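Structure assessment
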Amino acid sequence: EDKVVQSPLSLVVHEGDTVTLNCSYEVTNFRSLLWYKQEKKAPTFLFMLTSSGIEKKSGRLSSILDKKELSSILNITATQTGDSAIYLCAVNYGGSQGNLIFGKGTKLSVKP
Amino acid sequence: GAVVSQHPSWVICKSGTSVKIECRSLDFQATTMFWYRQFPKQSLMLMATSNEGSKATYEQGVEKDKFLINHASLTLSTLTVTSAHPEDSSFYICSAPTAGGRAETQYFGPGTRLLVL
């Protein structure tokens, strides 16, 4: 059965801390891995990873995929209260380019 | 950037009634739209793929007669929860891909929270 597992499920840090969120997957016909940020409503797209070992960066956020380990990490440095959200990992798989299977998410709370 | 809207954002209904949720792509055409359901503390689960001009494709375990999907135009897909029951209470989110249907171009609507009493 295809699955995506994220850890930890919940994390509380203070402003300025660095956090690492984990995502592991077991899917057939892997196409890509995506990270989203969800704040109360719709997820917003952060990164898409298809190649192993190539880091994608956007400001204080970065992510990398390890196809050998079937996993990915999302790093956030110098966290701010505005980073508080649920971070979702999803894997695009199978025959359709739109098929996504999501993990349960990591709820990040950044305290002032 | 691309925008996807949903209506209504909140709905409370009595058990046994039907509820229609609309998903619109506001500034692009979408031949395909996806419907997800998210229970509290659970992940987004793909329910079905809505295809303009043809029947929707449902994921295993999703009852097509209960969750009616109609993709009436290139900018509108509707999900109707028929004879809703309390266990159908959930957060329903639609998404639509833009360029070439690629996963990374999938834009999500703001979601519809359904509460069935």
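Up top is the structure these notes are about.
First, a word on what this report is: a plain description of the structure on this page. (Residues numbered from 1 in each chain as written. Chains lettered and ligands numbered in written order. Predicted model: local features only at pLDDT ≥ 70, side-chain atom pairs only at ≥ 80, totals over all residues. Heavy atoms only, no water.)

With that settled, consider the sheet that holds strand 1 (residues 3-7) of chain A. Residues and elements named next belong to chain A. Read across the sheet, 5 strands follow the order 1-3-8-7-6 without closing on themselves; strand pairing throughout is antiparallel. Only two strands of the sheet have a single neighbouring strand rather than two, namely strand 1 and strand 6 (56-58). The average angle at which neighbouring strand axes cross in this sheet is 15°, direction not considered. Of the pairings in the sheet, the one linking strand 1 to strand 3 (residues 19-26) comprises 5 bridges and is antiparallel in character. Following the sheet pairing, Lys3 is matched in strand 3 by Glu26. (Pairing = 2+ DSSP bridges. Helix = DSSP H or I, 4+ residues; strand = E, 2+ residues; numbered from the N terminus. Axes fitted to C-alpha atoms, helices over the stretch in contact; angles between N-to-C directions.)

Ranked by size, the top nonpolar core spans 24 residues in total, and within it Trp35(B), Phe67(B), Leu79(B), Tyr92(B) and Leu114(B) carry the most contacts. Breaking this core down by element, the ones donating at least two residues are strand 2 (10-13), strand 3 (19-25), strand 4 (32-38), strand 5 (44-51), strand 7 (67-73), strand 8 (76-81), strand 9 (90-97) and strand 11 (112-116) of chain B. Setting aside chain neighbours within four positions, we find Leu79(B) in contact with Val19(B), Lys20(B), Ile21(B), Trp35(B), Phe67(B), Leu68(B), Ile69(B) and Tyr92(B). Trp35(A), Ala85(A), Ile101(A) and Leu108(A) belong to the second-largest nonpolar core, a separate cluster that totals 23 residues. (Core = buried A, V, L, I, M, F, W, Y, C linked by side-chain atoms within 4.5 Å. Buried < 20%, exposed > 50% of the residue type's maximum accessible area, 1.4 Å probe, protein only. Contact = heavy atoms within 4.5 Å.)

Right, let's talk about the sheet that holds strand 7 of chain B for a bit. All names here are of chain B. The sheet built from 4 strands is open, its strands ordered 1-3-8-7 with antiparallel pairing. Among the strands making up the open sheet, the edge pair consists of strand 1 (4-7) and strand 7. Averaged over all pairs of adjacent strands, the angle between strand axes in this sheet comes to 15°, irrespective of strand direction. Direction of pairing for strand 3 relative to strand 8: antiparallel, over a ladder of 6 bridges. Directly across from Cys23, in strand 8, lies its bridge partner Ser77.

For the rest of this paragraph, the subject is the environment of Ile64(A). Residues and elements named next belong to chain A. Residue position: Ile64 is located in strand 7 (residues 61-66). A sequence separation of 38 residues divides Ile64 from Glu26, and the C-alpha atoms of the two residues are 17 Å apart. Those residues in contact with Ile64 that lie beyond four places of it in its chain are Leu49, Gly53, Ile54, Glu55, Ser71, Ser72 and Ile73.

Below, the discussion takes up the interface of chain A and chain B. Taken together, the contact pairs 19 residues of chain A with 21 residues of chain B. Buried surface at the junction of chain A and chain B, summed over both partners, amounts to about 1,500 Å²; 57% is from carbon and sulfur atoms. Our count for the chain A to chain B interface comes out at 0 salt bridges. The interface formed by chain A and chain B holds 2 residue pairs in polar contact (both at pLDDT 80 or more) in total. (Buried area = accessible area lost by both parts, 1.4 Å probe. Salt bridge = Lys/Arg side-chain N within 4 Å of Asp/Glu carboxyl O. Polar contact = N/O pair within 3.5 Å; in protein donor to acceptor, adjacent residues only side chain to side chain.)

For the structure shown, the criterion picks out 2 disulfides over all chains. Each sulfur of the disulfide joining Cys23(A) and Cys89(A) lies 1.9 Å from the other. Residues Cys23(A) and Cys89(A) are joined by a disulfide whose S-S torsion is about -65°; by sign, that bridge is left-handed. Taken as a pair, Cys23(A) in strand 3 and Cys89(A) in strand 9 (residues 85-93) lie far apart in primary sequence, 66 residues in all. Each of the two residues, Cys23(A) as well as Cys89(A), counts as buried. Shown here is the disulfide that connects Cys23(B) with Cys94(B), its sulfur atoms set 2.0 Å apart. Because the sign of the S-S torsion sets the handedness, a value of about 80° for the bond joining Cys23(B) and Cys94(B) places this disulfide among the right-handed ones. Of this pair, Cys23(B) sits in strand 3 while Cys94(B) sits in strand 9, and the two are 71 residues apart along the sequence. (Disulfide = S-S within 2.5 Å.)

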